[in-house]
Amino acid sequence: MGKQGSPRMLGADYNWNKAGLFHGFKNDPSKISSCKGVHGGKRHVWLRKNLRSMVITFGLIGFLFLLDSLVYSILEPTSGSAPQKSIETMKERTTANVNEGKIPVQMYDRLMNLASFTLAEKEFREDSTKFWKETYPEASIWRPCADRNSTTNLGKPKKSNGFILVSANGGLNQQRVAVCNAVAVASLLNATLVIPKFLYSNVWKDPSQFGDIYQLDHFTNNLKDDVNLVKELPSNLKSLNFEAIGSLITDADIPKEATPADYVKTVLPLLLKNRVVHLLGFGNRLGFDPLPFELQRLRCKCNFHALKFAPEIERVGSLLIKRIRKFDAARNMLDKQLLGNFMSNTPLKGKDAAVGDQSKYLALHLRFEVDMVAYSQCEFGGGEDEREELRVYRESHFPLLAERLEKSKPTSPTELRRLGKCPLTPEEAALVLAGLGFNRETFIYLAGSRIYGGQSRMQTLSSLYPNLVTKEDLLTHSELEPFRNFSSQLAALDFIACATADVFAMTDSGSQLSSLVSGFRTYYGGGHAPTLRPIKKRLAAILLENSTIAWDSFEERIQKMIEEGQRVGVRGNKKSIYRQPRCPECMCKYH
């Protein structure tokens, strides 16, 4: 009420009064009484007659402003539960350790002005964007079926060739891919898989293990007919020095996107000889093609069915969703898969019932962290200060890249942007959303909140879309406290909020989180979970016309770009089965 009700109405009244009274005050009031002649006398009489009404008018306006502020302060939602929580609070959390206190950077002043004008013009109209729904109806003919057994199902071997121990590196999404690939490799080699371990990283600083993130019993029960699984190595194998006996296998021993033949040639002999192998740092080490049908299906079954988040993550994830939607009823298969039994048909009460203005929301994964920005070698409108800051950061965090850049002539930042190689800024994300027709009232959940440049970068996005929140806005301190030192568990909450959103928008299709979320939405969405993927090279060409392009043309080209990215087709050769599960190995097609 305080932000969008009375102030706007009072502003209209105030401007009218101001215009009507302006001529009576345009001169120094002290001189009015000394004016001579007919005009001076008339002015004096006019002032004397109208002084009381003017005082009453301005007094009333001041009283109403005071009353409005008082009402807003009383009704302002409490901390931790309100999507309308001050955007400044969100900005404080999104601020990175660099570029603080800078003047807001804006690269597309003209387009931003056009977007602001257009959104203001549409503010009181009904939301008419078509992108709340899937563009292509044929998306609904694909349905989940990776958990069905086929006549050619491999099944688990009666006799195991040995044990595979996997230590997965990276964050939540890299680890998830590693687990599913490990299941497929264990099946391929007729081996017993030990529940994978997650390596501690100085980057992620998260000691979480499998059971902290996923439901262990559900995982083992779901895959019990496909692969042998154990929680630990047998005691006689625990004490072995894997490196000494040649059973330690690193990424250097297995090529990226390896084929089944690579594992049969490199890993199987060691497994048969020593009865155990340890795949250290195991990540993206199994390709997608060529791979037997049943191994592909097993990877899909693992990703979409066997890996369910731990109950505490489901519980807090459900709090996120119901505080956005204003109700906690499970709406679809995505809700049921990701939130378990924590969504019901019970109406919300108390503070949760007062949260939010709409039940639908858009989730935005904004990848603009300092690591990504510095590594890209692009420029983002910050001038010499920004260039120097990113150069120093590269020297500190990417010394090999910095050394290579010193010895060679790098591609110019302008050319990198033209080629679509630059991360999208928050400003560019805002322009895309505006071009797609999402109005100012759109409720946006922001995943990934360590934005390079902090407030100076977020200002343009938050000015166009003020209903912008993170999990820190929606959850109380006590609700978040159990996850504070566990980045993977925090990332799981973002995963849930993005996957169950009415619309999911990404700024980088190469991101693991964006890829896995979009795959989940394809698999469980039933053709009703649209994902917006900008084609960065096309977008760059559009934005390069910032100084001349008409807004109507900008909208038309942005919408056409997104529509083309939503085309429905079968997974292409060597494409990720986790991101693009529309294929016979994962999904069934119903005509």
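The structure presented is a predicted model; accordingly, all values stated were derived computationally and were not measured. (Residues numbered from 1 in each chain as written. Predicted model: local features only at pLDDT ≥ 70, side-chain atom pairs only at ≥ 80, totals over all residues. Heavy atoms only, no water.)

### Re the overall build of the protein chain
Counting its secondary structure elements, the protein chain contains 25 helices and 13 strands. Burial status across the protein chain gives 50% buried among its 591 residues. Restricting the contact set of the protein chain to residue pairs at least 6 apart, pairs at least 24 apart contribute 81%. Of the roughly 28100 Å² of accessible surface on the protein chain, a fraction of 54% belongs to carbon and sulfur atoms. (Helix = DSSP H or I, 4+ residues; strand = E, 2+ residues; numbered from the N terminus. Buried < 20%, exposed > 50% of the residue type's maximum accessible area, 1.4 Å probe, protein only. Contact = heavy atoms within 4.5 Å. Areas by Shrake-Rupley, 256 points an atom, 1.4 Å probe, with all protein chains shown as cover.)

### Topic: the state of the cysteines
In the structure shown here, the tally under the stated rule is three disulfides. One disulfide bridge connects Cys300 with Cys586, the sulfur atoms lying 1.5 Å from each other. Remark: Cys586 occurs in the loop between helix H25 (551-565) and strand S13 (587-589) and Cys300 occurs in helix H11 (residues 293-306); sequence separation between them is 286 residues. Judged by its relative accessible area of 0%, Cys300 is buried. The disulfide bridge from Cys378 ends at Cys422, spanning 2.1 Å between sulfur atoms. Between Cys378 and Cys422 the sulfur-sulfur dihedral comes to about -95°; the bridge is accordingly left-handed. Here the residue Cys378 occupies a position in the loop between helix H14 (370-376) and helix H15 (383-397), and Cys422 occupies one in the loop between helix H17 (413-418) and helix H18 (426-435), the gap between them amounting to 44 residues. Here the two residues Cys378 and Cys422 agree in accessibility, since each one is buried. Note on Cys302: no disulfide assigned, nearest cysteine sulfur contributed by Cys180 at a separation of 3.1 Å. (Disulfide = S-S within 2.5 Å.)

### Regarding the environment of Leu419
Turning to its location among the elements, Leu419 is positioned in the loop between H17 and H18. As for Leu419 and Ala541, which are separated by 122 residues in sequence, their C-alpha atoms are 8.7 Å apart.

### Points about the pairing of strand S7 (residues 276-280)
In terms of residue burial, S7 counts as a mostly covered element, since four of its five residues are buried. Looking at chain direction, strand S2 (residues 163-168) and S7 are connected through five bridges and run parallel. Each bridged residue has a counterpart across the sheet, and for Ser167 the counterpart in S7 is Leu280. Sheet analysis places strand S6 (residues 248-249) next to S7, joined by two bridges and oriented parallel. Bridging from a neighbouring strand, Leu248 pairs with His278 of S7. (Pairing = 2+ DSSP bridges.)

### Remarks on the nonpolar core
Counting 92 residues, the largest nonpolar core has Ile164, Phe219 and Phe309 as its most contacted members. In terms of residue count, helix H5 (residues 172-188) provides more of this core than any other element does, 10 residues in total. Once residues within four sequence positions are removed from consideration, Ile164 is found in contact with Val185, Ala186, Leu189, Ala191, Thr192, Leu193, Val194, Leu271, Val277 and Leu279. (Core = buried A, V, L, I, M, F, W, Y, C linked by side-chain atoms within 4.5 Å.)

### As for the pairing of S2
The element S2 is extensively covered by neighbouring structure, given that six of its six residues are classed as buried. On S2, burial covers both faces: Phe163, Leu165 and Ser167 on one face and Ile164, Val166 and Ala168 on the other are all buried. Pairing analysis gives two bridges linking S2 to strand S3 (residues 192-194), with the strands arranged parallel. Note that in S3 the partner of Ile164 across the bridge is Leu193. Between the parallel elements S2 and S3, the chain passes through H5 in a crossover that is right-handed. By the bridge criterion, two bridges tie S2 to strand S4 (residues 197-198) in an arrangement that is parallel. The residue bridging Ala168 from the neighbouring strand is Phe198, located in S4. (Right-handed = clockwise from strand over helix to strand, strands pointing away.)

### Digging into the sheet that holds strand S11 (residues 503-506)
Taken in spatial order, the five strands line up as S10-S9-S8-S11-S12 in an open sheet, and their pairing is parallel. Of all the strands in the sheet, just strand S10 (468-469) and strand S12 (531-532) have a single pairing partner and so form its edges. Where S11 and S12 come together, two bridges link them in parallel fashion. By the bridge assignment, Ala505 is partnered in S12 with Leu532. Across the face of the sheet, helix H22 (residues 487-499) comes into contact with strand S8 (362-365), strand S9 (444-447) and S11 while running at roughly 145° to S9. (Axes fitted to C-alpha atoms, helices over the stretch in contact; angles between N-to-C directions.)

### Let's talk about the packing of H22 against helix H23 (residues 512-524)
Between H22 and H23, the shortest axis-to-axis distance is 9 Å and the interhelical angle comes to 40°. Put simply, H22 runs oblique to H23. The handedness of the crossing between H22 and H23 is right-handed. Packed against H22, whose contacting residues are Ala491, Phe495, Cys498 and Ala499, the element H23 presents Leu513, Leu516, Val517, Phe520 and Arg521 at the interface. Its residues assigned to classes, the contact of H22 with H23 comprises eight nonpolar, no polar and one charged. (Parallel < 35°, antiparallel > 145°, perpendicular 65-115°, else oblique. Left-handed = near helix turned anticlockwise from the far one by under 90°. Nonpolar A, V, L, I, M, F, W, Y, C, P; charged D, E, K, R; others polar.)

### Brief notes about H18
In terms of burial, H18 is a largely internal element, 10 of the 10 residues being buried. Within the span of H18, buried status applies to Pro426, Glu427, Glu428, Ala429, Ala430, Leu431, Val432, Leu433, Ala434 and Gly435. The first or second residue beyond H18 is Gly437, which carries a positive phi of 95°.

### With respect to the packing of aromatic side chains
Taken as a whole and judged by the stated rule, the model has 17 aromatic pairs. Relative to Phe438, the ring of Trp132 has its centre 5.3 Å away and its plane inclined at 80°; by these criteria the two rings are edge-to-face. Of this pair, Trp132 sits in the loop between helix H4 (109-121) and strand S1 (142-144) while Phe438 is found in the loop between H18 and S9, placing the two residues 306 residues apart along the sequence. Aromatic rings pair up to connect Phe198, Phe210, Tyr214, Phe219, Phe304, Phe309, Phe495, Phe520, Tyr523 and Tyr524 into one cluster. A cation over an aromatic ring shows up here: Arg176 above the ring of Phe309, its NZ or CZ 5.7 Å from the ring centre. (Phe/Tyr/Trp six-rings, centres within 6.5 Å; stacked < 30°, edge-to-face > 60°. Lys NZ or Arg CZ within 6 Å of the ring centre and 35° of its normal.)

### Notes on the packing of H5 against H11
At their nearest, the axes of H5 and H11 sit 9 Å apart, and the two run at 140° to each other. Considering the angle they form, H5 stands oblique to H11. Read as a crossing pair, H5 and H11 show a hand that is right-handed. Only Leu295, Leu298, Arg299, Cys302 and Asn303 of H11 make contact with H5, whose side of the interface consists of Arg176, Val179, Cys180, Asn181, Val183, Ala184, Ser187 and Leu188. Here the contact of H5 with H11 is built from residues that sort into eight nonpolar, three polar and two charged.

### Considerations on the side chain of Asp494
When you line up the elements, Asp494 lands in helix H22. Within polar-contact distance, the side chain of Asp494 engages the side chain of Tyr445 at 2.5 Å. Filtering out sequence-adjacent residues up to four positions away, Asp494 remains in contact with Tyr445, Leu446, Ala447, Gly448 and Lys471. (Polar contact = N/O pair within 3.5 Å; in protein donor to acceptor, adjacent residues only side chain to side chain.)

### A short note on the environment of Ser128
Locating Ser128 in the fold gives a position in the loop between H4 and S1. Along the backbone, Ser128 and Gly437 are 309 residues apart, and their C-alpha atoms lie at a distance of 7.3 Å.

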